[in-house]
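Architecture at a glance
Residue-level listing of the chains:
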Amino acid sequence: MRVVSINIGSNLGDRKDNLRRAVAAVERLSGKPPRISDIYESESWGYRSDNPFYNIAAEFESDLSGEELLMAFQQIEREIGSASHRDESGGYADRLLDIDIIYLGEEIVETDKLQVPHPHMAEREFVLVPLAELSPRWRHPRLGQTVEEMLLSLRCRLYENETKLNNEQFTL
């Protein structure tokens, strides 16, 4: 058994209820209640939307393979009514529910269907903030950074990218 960490997000319908239903389905899958973070609201990532996301981190123990977990989470998404996460052009789209596998203990998985740890986790504040609540010291097996370190690094990069006016001094 190893710890499975997932991020659950919703930006359509009753977002809190969508998260509750997903957590209940994860509990049925794992056989006991998962550890869950507080709910965080965030803007969409990778596309424009007027619908902000609610996101939580959830963790539980499992000995199911990454592929088995992926299939189970996709089934949960379908049962709750989530359509494809992609629009006609292949870009991201709004959704009732999105469940991403963030990590599977220390495992590294590289298949056509699944990459674990999640390849974009270190770029996504909406993943790292709730995850830091549950497992701040989990260390990424490839990057060598803890969740806290990834979050600090991301926030520093975001701060550096703030719009500046050519470093001009403001004078009266």
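Residues numbered from 1 in each chain as written. Predicted model: local features only at pLDDT ≥ 70, side-chain atom pairs only at ≥ 80, totals over all residues. Heavy atoms only, no water.

**Looking at the overall build of the chain**
- Helix and strand counts for the chain stand at four helices and seven strands.
- Each helix and strand of the chain, ordered N terminal to C terminal, gives the series β-α-β-β-β-α-β-β-β-α-α.
- Counting all 172 residues of the chain, 45% fall into the buried class.
- Taking the contacts inside the chain whose residues are at least 6 apart along the sequence as the reference set, 63% of them involve residues at least 24 apart. (Helix = DSSP H or I, 4+ residues; strand = E, 2+ residues; numbered from the N terminus. Buried < 20%, exposed > 50% of the residue type's maximum accessible area, 1.4 Å probe, protein only. Contact = heavy atoms within 4.5 Å.)

**Some words on the side chain of Ser-5**
- Inspection of the secondary structure assignment puts Ser-5 in strand β1 (residues 2-10).
- By relative accessible area, Ser-5 is classed as buried at 1%.
- Filtering out sequence-adjacent residues up to four positions away, Ser-5 remains in contact with Ala-58, Glu-59, Asp-100, Ile-101, Ile-102, Tyr-103 and Leu-131.

**Considering helix α1 (residues 15-30)**
- Between the first and last C-alpha of α1 there are 23 Å, a value that for 16 residues agrees with the 22 Å anticipated at 1.5 Å per step.
- Looking at the packing, one finds that the buried side of α1 touches β1, β2 (35-36), β3 (40-42), β4 (53-62), α2 (66-80) and β5 (98-104).
- Positive phi appears at Gly-31, one or two residues downstream of α1, with a value of about 90°. (Expected span 1.5 Å × (residues − 1).)

**With respect to the environment of His-118**
- Secondary-structure assignment places His-118 in the loop between β7 (115-116) and α3 (125-134).
- For the pair His-118 and Ile-102, spaced 16 residues apart in the sequence, the C-alpha separation amounts to 4.8 Å.
- With sequence-adjacent residues up to four places away left out, His-118 is seen in contact with Asp-100, Ile-101, Ile-102 and Arg-124.
- A distance of 3.0 Å separates the side chain of His-118 from the backbone nitrogen of His-120, its partner in a polar contact. (Polar contact = N/O pair within 3.5 Å; in protein donor to acceptor, adjacent residues only side chain to side chain.)

**Some details on the pairing of β5**
- Burial analysis of β5 places seven of its seven residues in the buried class, which makes it a mostly covered element.
- Relative to β5, β1 is paired through six bridges, and the arrangement is antiparallel. Bridge assignment links Asn-7 to a residue of β5, and that residue is Asp-100. (Pairing = 2+ DSSP bridges.)

**Re the environment of Gly-9**
- Here Gly-9 shows up in strand β1.
- Apart from residues lying up to four places away in sequence, Gly-9 is in contact with Leu-19, Phe-53, Tyr-54, Asn-55, Leu-96, Leu-97 and Asp-98.

**What about the pattern of salt bridges?**
- The final tally for this structure, using the stated rule, is eight salt bridges.
- A salt bridge links Asp-98 to Arg-95; the shortest N-O distance between them is 3.1 Å.
- A relative accessible area of 11% places Asp-98 in the buried class. (Salt bridge = Lys/Arg side-chain N within 4 Å of Asp/Glu carboxyl O.)

**A look at the packing of aromatic side chains**
- The final tally for this structure, using the stated rule, is two aromatic pairs.
- Taking 6.4 Å as the distance between ring centres and 85° as the angle between the ring planes, the aromatic pair formed by Phe-60 and Phe-73 counts as edge-to-face. Of the two residues, Phe-60 sits in strand β4 while Phe-73 sits in helix α2, which places them 13 residues apart along the sequence.
- Using a relative accessible area of 6% as the deciding quantity, one classes Phe-60 as buried.
- Taking relative accessible area as the criterion, Phe-73 reaches 1% and is therefore assigned buried.
- Ring centres 3.9 Å apart and planes at 5° place the aromatic pair Tyr-103 and Trp-138 in the stacked group. Pair noted here: Tyr-103 is in strand β5 and Trp-138 is in the loop between α3 and α4 (147-160), with a separation of 35 residues, a long-range link.
- Accessibility expressed as a relative area gives 2% for Tyr-103, which makes it buried. (Phe/Tyr/Trp six-rings, centres within 6.5 Å; stacked < 30°, edge-to-face > 60°.)

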